[in-house]
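Listed here are the chains, written in short residue letters.
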Amino acid sequence: MTTRENPAEQAATRIAEAVLAVPGVAFMRPGLVDLLRSHTVTRAVLGSPKARPGTGSGVRITRTPGGHGTAVEVYVVLRHGHRALDVTRAVRDAVHSAHPAGPRPMPVRVTVTGIV
């Protein structure tokens, strides 16, 4: 039996892989909503073979107002010694290359949640 991810999960996985490859990114950190969602899901399916690690990967993909496109939020923790501005710009570029928006620009919000 194979597991199928929906297109949003596939896009989030591609984006997460691209972001983690950016120099200066230590790891991704989920936002509060993702933490709460993953806690609820984990409690609901605890012990279930379908439970997958990585819920709340630090990438949120949402519909833009009007429903004509998508917006991406990325939560990252940076490595000490890297300029946050340079890393967040590189993260934004990585998101755009991993999930092209087509003819319209896709809004990308990068939130730095810590430095290690």
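Worth saying up front: this structure is predicted, and the values here are computed from it rather than measured.

Observations concerning a nonpolar patch on the surface
Item 1. Taken together, the side chains of Leu20, Phe27 and Val116 present a nonpolar region at the surface, about 270 Å² in accessible area.
Item 2. Checked against the element boundaries, Leu20 lands in helix α1 (residues 7–20).
Item 3. Here Leu20 falls in the partly exposed class, since its relative accessible area comes to 45%.

Thoughts on the pattern of salt bridges
Item 1. Inspection of every chain in the model, using the stated rule, returns three salt bridges.
Item 2. Glu73 is the salt-bridge partner of Arg109, the closest N and O atoms lying 3.9 Å from each other. Here Arg109 is found in strand β4 (residues 108–115), whereas its partner Glu73 is found in strand β3 (residues 70–78), with 36 residues between them in sequence.
Item 3. Across the salt bridge formed by Asp86 and Arg83, the nearest N and O atoms sit 3.6 Å from each other.
Item 4. Overlapping salt bridges, with partners in common, bring together Arg60, Glu73 and Arg109 in one network.

About the criteria used
- Residues numbered from 1 in each chain as written.
- Predicted model: local features only at pLDDT ≥ 70, side-chain atom pairs only at ≥ 80, totals over all residues.
- Heavy atoms only, no water.
- Patch = residues over 30% accessible without salt bridge, like charges linked within 9 Å, V, L, I, M, F, W, Y side chains within 5 Å.
- Areas by Shrake-Rupley, 256 points an atom, 1.4 Å probe, with all protein chains shown as cover.
- Salt bridge = Lys/Arg side-chain N within 4 Å of Asp/Glu carboxyl O.
- Helix = DSSP H or I, 4+ residues; strand = E, 2+ residues; numbered from the N terminus.
- Buried < 20%, exposed > 50% of the residue type's maximum accessible area, 1.4 Å probe, protein only.

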